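# Examining the three-dimensional arrangement
Chain by chain, the residues:
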Amino acid sequence: MRLNIGEWVEQGVDWLATYADGFFQVMSTGIEGSVDGISGLFLWPPAYVFIIILTLLAFWVGRWSLSLLTLIGLFIIEALGYWEPTMNTLALVIISTLLSVIIGIPLGIACGKMDRLSSIVRPLLDFMQTMPAFVYLLPAVTFFGLGIVPGVIASVIFAVPPTIRLTELGIRQVPHDMMEAASAFGSTSMQTLWKVQLPVAMPTLMAGVNQTIMLSLSMVVIASMIGAQGIGAEVYRAVTQLKIGQGFEAGLAVVLLAIIIDRFSQHSLKKRNTQKQGA
């Protein structure tokens, strides 16, 4: 006897595509408009002007080491001729990460407070993280067609689990005596969350966000197979045409962008912790 799970999945997808088409259209318009807006903002100033702006921002966040890395990395990307695809990819990563954070942090907080919800969500997260990334492209294309939007949706599904998991972990690791002290001073559950739990859990939470950023970037590259623009499209084009040199250059641009984003997120967290300790 064979389980027809594939047929059940297809029937469910067809039902959603038929009866939730309006919802998907609204979502598609919003996501595509957001990505185009951010990408247009990044490409509006000349490349070297934007590199200087990001370098100054990196100096404010992480001083000389980060600013030098940002300057050299972005200059190499511009010199390789991948500036526009890189900015398109950065816009996709930003939107994917924002959606993942909007979904992941509240759900992670809820899981950290409710054991029953956590026991339900945990197997779903295991499923989402172990399912091959290419599989997420199929329903995304069914609901949203080819282009930017299915790439963002697939990236969110693939990248949101670390934010949920580490937010829950951070909430559960808050010392019990701190919770008791907040309760003794008459704090409400919401006040305890904002004033005690989230500040204590912030390093763990931000580690989850950092992982989500990296996973979003990796999935955005894969999503170039379904029409998502950016550096991933350059990598995919080089692979299909067996252009080794072009593929290496595009891959180098991806690596430099990933390193810069990773260092930005890490130094932002360090700066926040330093300011908190100074206060």
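Residues numbered from 1 in each chain as written. Predicted model: local features only at pLDDT ≥ 70, side-chain atom pairs only at ≥ 80, totals over all residues. Heavy atoms only, no water.

### Side note on the confidence of the model for the protein
Per-residue confidence for the protein averages 82 on the pLDDT scale, and 95% of its residues sit at or above 70. When the elements of the protein are averaged for pLDDT, helix 1 (residues 5-19) gives the smallest value, 74, and helix 4 (residues 83-113) the largest, 89. (pLDDT = per-residue confidence, 0-100. Helix = DSSP H or I, 4+ residues; strand = E, 2+ residues; numbered from the N terminus.)

### With respect to the pattern of salt bridges
According to the stated counting rule, one finds six salt bridges in the structure shown. The salt bridge involving Glu 168 is made with Arg 122; its shortest N-O contact spans 3.7 Å. Within this pair, whereas Glu 168 is found in helix 7 (residues 148-172), its partner Arg 122 is found in helix 5 (residues 115-130), the two being separated by 46 residues in sequence. Close ionic contact of Asp 262 with Arg 263 constitutes a salt bridge, the shortest N to O distance being 2.6 Å. Among the ionic contacts, a cluster of salt bridges with common partners joins Asp 115, Arg 122, Glu 168 and Arg 172. (Salt bridge = Lys/Arg side-chain N within 4 Å of Asp/Glu carboxyl O.)

### Digging into the packing of aromatic side chains
Considering all chains together, one arrives at four aromatic pairs under this definition. Ring centres of Phe 50 and Trp 83 lie 6.2 Å apart, and the angle between their planes is 75°; this geometry places the pair in the edge-to-face category. With Phe 50 in helix 3 (residues 47-80) and Trp 83 in helix 4, this pair connects stretches of sequence that are 33 residues apart. Comparing Phe 50 with Trp 83, the two get one shared label, buried. Judged by centre distance (5.0 Å) and plane angle (70°), the ring pair of Phe 59 and Trp 64 falls under edge-to-face. We classify Phe 59 as partly exposed; its relative accessible area is 29%. With relative accessibility at 66%, the residue Trp 64 sits in the exposed group. Members of the aromatic cluster, joined through ring pairs, are Phe 42, Phe 50 and Trp 83. (Phe/Tyr/Trp six-rings, centres within 6.5 Å; stacked < 30°, edge-to-face > 60°. Buried < 20%, exposed > 50% of the residue type's maximum accessible area, 1.4 Å probe, protein only.)

### Looking at the layout of surface pockets
Unfilled space is identified by rolling a water-sized probe across the atoms. Considered as a void within the structure, the largest pocket measures approximately 660 Å³ in volume. Lining the largest pocket are 21 residues, and of these Val 13, Tyr 136, Pro 139, Phe 143 and Ile 157 sit closest to its centre. At the level of elements, helix 1, helix 2 (21-43), helix 5, helix 6 (137-144) and helix 7 are the ones that each hand at least two residues to the lining of the largest pocket. For the lining of the largest pocket, the leading source of residues is helix 6, giving six residues. Across the lining of the largest pocket, the residue classes break down as 18 nonpolar, one polar and two charged. Space inside the second largest pocket adds up to approximately 470 Å³. If you go around the second largest pocket, you meet 19 residues; those closest to its centre are Leu 90, Ile 94, Ile 213, Ile 261 and Phe 264. Contributing elements (two or more residues each) for the lining of the second largest pocket: helix 3, helix 4 and helix 11 (244-278). Sort the elements by how many residues they give to the lining of the second largest pocket and helix 4 lands first, with seven residues. For the lining of the second largest pocket, the per-class residue count stands at 16 nonpolar, three polar and no charged. (1 Å grid on protein atoms, 1.4 Å probe; cavity = no way out; pocket = protein on both sides within 12 Å on 5 of 7 lines; lining within 4 Å. Points joined across faces, edges and corners; volume = space filled by probe spheres on them. Nonpolar A, V, L, I, M, F, W, Y, C, P; charged D, E, K, R; others polar.)

### A short note on the UniProt feature "transmembrane region" (unreviewed entry) in the protein
Under the UniProt annotation, the feature "transmembrane region" (unreviewed entry) is placed at residues 42-61, 66-83, 89-112, 133-160, 212-232 and 244-261. Annotation note: span residues 133-160, helix share 75%, strand share 0%, distance between end C-alpha atoms 13 Å. Between the first and last C-alpha atoms of residues 244-261 the distance is 26 Å; the span itself is 100% helix and 0% strand. (UniProt positions renumbered as here; feature names shortened; annotations may be inferred.)

### Here's the deal with the nonpolar core
Ranked by size, the top nonpolar core spans 69 residues in total, and within it Val 35, Trp 83 and Val 152 carry the most contacts. Contributing elements (two or more residues each) for this core: helix 2, helix 3, helix 4, helix 5, helix 6, helix 7, helix 9 (189-222) and helix 11. It is helix 9 that provides the largest number of residues to this core, a total of eleven residues. Excluding its chain neighbours within four sequence positions, the residues that come into contact with Trp 83 are Leu 43, Ala 47, Phe 50, Ile 51, Leu 74, Ile 77 and Glu 78. (Core = buried A, V, L, I, M, F, W, Y, C linked by side-chain atoms within 4.5 Å. Contact = heavy atoms within 4.5 Å.)

### Some details on the environment of Val 200
Within the secondary structure, Val 200 sits in helix 9. C-alpha separation for the pair Val 200 and Gly 227, spaced 27 residues apart in sequence, amounts to 41 Å. Filtering out sequence-adjacent residues up to four positions away, Val 200 remains in contact with Val 174, Pro 175 and Met 178.

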